[in-house]
Amino acid sequence: MALAVGMRVLTRALHRPWARGLRVAPGRTGPAAGGGDGVRCFGSPRVLVEPDPAAGVAVVKMRNPPVNSFSLEFLTELLISLEKLENDKTFRGIILTSDHPGIFSAGLDLTEMCGRKPEHYMEYWKAVQEMWLRFYLSNLVVIAAINGVSPAGGCLLSLTCDYRVLANNPKYTIGLNETRLGIVAPFWFKDMMVNTVGYRTAERALQLGLLFPPAEALRVGVVDQVVPEDQVQSTARSVMAQWLAIPVCRPGVQNQGLGRAVLSPEALGEAPSCLIQPLAAPDDPWPLDASRQSAFPPRGLPACLCLQAPLFLSLVRTLVGFGVHPKSKRISS
Ligand SMILES: CC/C=C\CCC/C=C/C(=O)SCCNC(=O)CCNC(=O)[C@H](O)C(C)(C)COP(=O)(O)OP(=O)(O)OC[C@H]1O[C@@H](n2cnc3c(N)ncnc32)[C@H](O)[C@@H]1OP(=O)(O)O
């Protein structure tokens, strides 16, 4: 199904350039409607923040219809909300969830990744990386209350969190399914999965592009807890309370070298530039660019999903050389 949707979206974007960027999220700008106990919600058109200052927690709800895909606008608003909360000493934790139960996030916005100018790909890719790094390195405790399907980038976002609670609905699958779309998960997606579920499970999951239903997701460890749908929020709240009872939870874990394992001190220093380069060097248009599709057309894949040589190398590195990337060595050491 994901493959079919991916193709549909890409084809549509290539043929209807006028439609790009027109998905407007409904909702309020500036301060939003009042929350419970007289506390005001705030946020932006695509991200709603429901603060609970007494608990030191804010619920961050993604609302970028129809599927909470990571458009550039959405990523920007999400990061601004995160920064606001980080800069406000009232808050020590956030619960990340979707405002549309049924879909946590469809991941990267496929319409951002084709038919655009190279500068756009650079900007978009930087925003994706920024999202990953900022959530992964946040000084706030982040709990994912996953109330819907969560493929690819949606899964990545939840992997940046300290704890994942998934609603027990067989439709709510989660995983890195990129290979099913004929694209490859960047090595840092892979590293996040390796850190979470271990090497062999991650290897198989990425190669086959597996989307795990709840029971399976729990078994392999992609999520930490599976609960009835109506208990996702309350469970996330109690987990948060547990974390916040630890005086220095996030920094403490980092100092012990337990969490945030992908980002060793060296990796942190070099992350932004070294991550951008492999996929979007200035003279190397985005691999999905329709104008450069002929170099590597794997049989059975539509032209718009064909990989270019640099991406192909990256694919080989991920699939065949799983674990030989320098960053993987850092993880296992
Ligand atoms: C070369 C690239 C290099 C590196 C990138 C690698 C990393 C990539 C990471 C990613 O995240 S890629 C994106 C992967 N995402 C998916 O595979 C999800 C695809 N979507 C779905 O499976 C389903 O849409 C769904 C999320 C399960 C929801 O299903 P539902 O039946 O509820 O809705 P429907 O399929 O009808 O979709 C509604 C609407 O939304 C559009 N859509 C869906 N996904 C995306 C998306 N990722 N980006 C942009 N738009 C998306 C879909 O086309 C429909 O639009 P329409 O109503 O106008 O037809």
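See the structure printed just above.
Residues numbered from 1 in each chain as written. Predicted model: local features only at pLDDT ≥ 70, side-chain atom pairs only at ≥ 80, totals over all residues. Heavy atoms only, no water.

A.B. asks: Can you explain the overall build of the protein? Please cite residues and give values.
C.D. replies: Tallying secondary structure elements over the protein gives 12 helices and 10 strands in all. Here the protein holds 333 residues, and the buried ones make up 53% of them. Taking the intrachain contacts of the protein between residues at least 6 apart in sequence as the baseline, contacts between residues at least 24 apart amount to 72%. Total accessible area on the protein stands at roughly 14300 Å², and carbon and sulfur atoms take up 59% of it. (Helix = DSSP H or I, 4+ residues; strand = E, 2+ residues; numbered from the N terminus. Buried < 20%, exposed > 50% of the residue type's maximum accessible area, 1.4 Å probe, protein only. Contact = heavy atoms within 4.5 Å. Areas by Shrake-Rupley, 256 points an atom, 1.4 Å probe, with all protein chains shown as cover.)

A.B. asks: Can you break down the side chain of Arg63 residue by residue, with the values?
C.D. replies: Checked against the element boundaries, Arg63 lands in the loop between strand S3 (57-62) and helix H2 (72-86). An unpaired buried charge is present at Arg63: no salt bridge exists, and Asp99, the closest side chain of opposite charge, is 4.9 Å distant. Separated by 3.0 Å, the side chain of Arg63 and the backbone oxygen of Pro45 make a polar contact. (Lys, Arg positive; Asp, Glu negative; His and termini not counted. Salt bridge = Lys/Arg side-chain N within 4 Å of Asp/Glu carboxyl O. Polar contact = N/O pair within 3.5 Å; in protein donor to acceptor, adjacent residues only side chain to side chain.)

A.B. asks: Lay out the sheet that holds strand S5 (residues 102-103) in plain terms, naming residues and giving numbers.
C.D. replies: In spatial order, the strands read S5-S7-S9; together these three strands make up an open sheet with parallel pairing. A strand with exactly one partner marks an edge of an open sheet, and here the two such strands are S5 and strand S9 (174-175). Bridge count for S5 against strand S7 (residues 148-151) is two bridges, and the pairing is parallel. Each residue of the ladder has a partner; that of Ile103, found in S7, is Val149. (Pairing = 2+ DSSP bridges.)

A.B. asks: Provide a residue-level description of H2, including the pertinent values.
C.D. replies: Spanning 15 residues, H2 covers 21 Å between terminal C-alpha atoms, matching the ideal 21 Å at 1.5 Å per step. Taken together, the buried positions of H2 are Leu72, Phe74, Leu75, Glu77, Leu78, Leu79, Ser81, Leu82, Leu85 and Glu86. (Expected span 1.5 Å × (residues − 1).)

A.B. asks: Tell me about the pattern of salt bridges, and name the residues and values.
C.D. replies: In the structure shown here, the tally under the stated rule is 10 salt bridges. With its nearest N and O atoms 4.0 Å apart, the salt bridge here joins Arg164 to Asp224. Of this pair, Arg164 sits in strand S8 (residues 163-167) while Asp224 sits in the loop between helix H7 (214-220) and strand S10 (225-227), placing them 60 residues apart in sequence. Given a relative accessible area of 32%, Asp224 falls into the partly exposed group. Salt bridges linked by common partners bring Glu83, Glu130 and Arg134 together as one network.

A.B. asks: With reference to specific residues and values, describe the pairing of strand S4 (residues 93-98).
C.D. replies: Most of S4 is tucked away, with six of its six residues classed as buried. In S4, alternate side chains face the same way, and those of Gly93, Ile95 and Thr97 on one face and Ile94, Leu96 and Ser98 on the other are all buried. Examined bridge by bridge, S3 and S4 share six bridges and lie parallel to one another. Looking at S4, one finds that Met62 is bridged to Ser98. As a crossover connection, the stretch from S3 through H2 into S4 is right-handed. (Right-handed = clockwise from strand over helix to strand, strands pointing away.)

A.B. asks: So what's going on with the environment of Pro66? Residues and values would help.
C.D. replies: Its location among the elements puts Pro66 in the loop between S3 and H2. Among the residues examined, Pro66 registers a relative accessible area of 56% and is labelled exposed. Along the primary structure Pro66 and Ala236 are separated by 170 residues, whereas in three dimensions their C-alpha atoms are 24 Å apart.

A.B. asks: So what's going on with the packing of helix H5 (residues 187-197) against helix H6 (residues 199-208)? Residues and values would help.
C.D. replies: The contact between H5 and H6 brings their axes to 7 Å, and the two run at 135 degrees. Classified by the angle their axes make, H5 and H6 are oblique. Note on packing geometry: the crossing formed by H5 with H6 is right-handed. Where H5 abuts H6, its residues Lys190, Met193, Val194 and Val197 lie against Tyr199, Thr201, Ala202 and Leu206. In the contact of H5 with H6, the residues fall into six nonpolar, one polar and one charged. (Axes fitted to C-alpha atoms, helices over the stretch in contact; angles between N-to-C directions. Parallel < 35°, antiparallel > 145°, perpendicular 65-115°, else oblique. Left-handed = near helix turned anticlockwise from the far one by under 90°. Nonpolar A, V, L, I, M, F, W, Y, C, P; charged D, E, K, R; others polar.)

Keep in mind these numbers describe shape, not what the thing actually does.
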